[in-house]
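Fold and contact review
Now for the letters of each chain:
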Amino acid sequence: MLQLPMTIKDITVNVTINFNNIMVEKDKLDSRTIGLEESDVIVDRTNIKSLRNDEYYNKNPEALTAIIRKNINYSNRGVTNIKVTTKKYKDSDFYDVYYLPLPPFTTNPITDYIYGSLLNSIRLSTPDLDKKINLDLHKIGFDNLISKEFLNHILTLKNNFLDPYLLEDQIRKDGYGSQLDVLNFFNTLNYEINNDDFIVTSEIDDVINFLSKDSKEGRKLVNYKNMALSNYESYLALGTFNNLLYNRPLTWPSLSLEQQKTLRLKLDSKRNVA
């Protein structure tokens, strides 16, 4: 699964991102006799076997999306998903099979990266141990795409096109179709915040100071903190775009009442210590 770290004032959360409406078949036997093994990707009846032993696709998720798209006949309405197998359970010949949505028809570097990363997080995980990948939106070019200049342009258009469909059409005519594709893709995904996915931000600073910023672990935490700060700015920009276009905020989850209570206790404890 993908994790989107975000720092929101006094807290840092790891928002879990995944596909919506996933179907999973548990404990399937490794069927090498029919050419289906662990970490496979099957599009319709085509098994993309070249992915299995090629490290390139593990480290280049956008290339993974591209080769999957190349093997899809989008005009075939009977093909609505692809099959992805996990690694095998430990000391076992069984794996899980995931039925996942097709990648977007239009090539886009950001959506292709995220789609491929989601696939890799499943394909390269054992069923009892999820492979978590941190998503750095700045690193994949999000800030350049959903920039202040772009949002100002959308605001200007908004004053001239009250109908969202006409506004969306004009945005594409103005050459900003990639931004629309990114927003619409994000709106198809599932977002969750679990009880162990949030922490008081000052606790990260305490650990960094303890480890030293020059140590390997310290640098890793500093990078994580900077990523979380940047990701929240990107989230706000995406939310602004969504609000301008569809007149509603993003439907990402917020902390539950129980989580908010736990967080308040943590914050009060930190303030009392200070």
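Refer to the structure above for everything that follows.
Our subject in this report is the structure included herewith. Please read all numbers here as calculations on a predicted model, not as lab measurements.

**Details of the overall build of the protein chain**
Helix and strand content of the protein chain: 10 helices and 10 strands. Its C-alpha atoms give the protein chain principal-axis dimensions of roughly 65 × 55 × 35 Å. Residue pairs at least 24 apart in sequence account for 70% of intrachain contacts in the protein chain once pairs closer than 6 positions are excluded. About 15,400 Å² of surface is accessible on the protein chain, with carbon and sulfur atoms providing 50% of the total.

**Some thoughts on helix α8 (residues 201-211)**
When α8 is considered as a whole, its buried residues turn out to be T201, I204 and I208. Down the axis of α8, the buried side of the element spans an arc of 55°, and every buried residue falls inside it. Exposed side of α8, more than 90 degrees from the buried face: N209 and F210 are the residues found there. Looking at the residues trailing α8, positive phi occurs at S212, about 85°.

**Digging into the packing of aromatic side chains**
Counted by the stated rule, this structure contains seven aromatic pairs. Taking the centre distance of 4.9 Å and the plane angle of 80° together, the rings of F150 and F241 count as edge-to-face. Note that F150 is positioned in helix α5 (residues 148-160) and F241 in helix α9 (residues 216-246), a separation of 91 residues in sequence. Judged by relative accessible area, F150 falls into the buried class, the value being 2%. Taking relative accessible area as the criterion, F241 reaches 0% and is therefore assigned buried. Site record: aromatic cluster; members linked through ring pairs are F150, Y176 and F241.

**A look at the nonpolar core**
Core analysis: the biggest nonpolar cluster contains 58 residues, and I68, I82, I114, L119, F186, F241 and W252 have the highest contact counts within it. L36, I42, V97 and Y99 belong to the second-largest nonpolar core, a separate cluster that totals five residues.

**Some thoughts on the pattern of salt bridges**
Taken as a whole and assessed by the stated rule, the structure comprises seven salt bridges. Between R69 and D112 there is a salt bridge, and its shortest N-O distance comes to 2.7 Å. Of this pair, R69 sits in helix α2 (residues 61-70) while D112 sits in helix α3 (residues 109-123), and the two are 43 residues apart along the sequence. With respect to burial, R69 and D112 carry one shared label: buried. K173 is the salt-bridge partner of D169, the closest N and O atoms lying 3.3 Å from each other.

Each value, and the rule that gives it
- Residues numbered from 1 in each chain as written.
- Predicted model: local features only at pLDDT ≥ 70, side-chain atom pairs only at ≥ 80, totals over all residues.
- Heavy atoms only, no water.
- Helix = DSSP H or I, 4+ residues; strand = E, 2+ residues; numbered from the N terminus.
- Contact = heavy atoms within 4.5 Å.
- Areas by Shrake-Rupley, 256 points an atom, 1.4 Å probe, with all protein chains shown as cover.
- Buried < 20%, exposed > 50% of the residue type's maximum accessible area, 1.4 Å probe, protein only.
- Arc of directions from axis to C-beta.
- Phe/Tyr/Trp six-rings, centres within 6.5 Å; stacked < 30°, edge-to-face > 60°.
- Core = buried A, V, L, I, M, F, W, Y, C linked by side-chain atoms within 4.5 Å.
- Salt bridge = Lys/Arg side-chain N within 4 Å of Asp/Glu carboxyl O.

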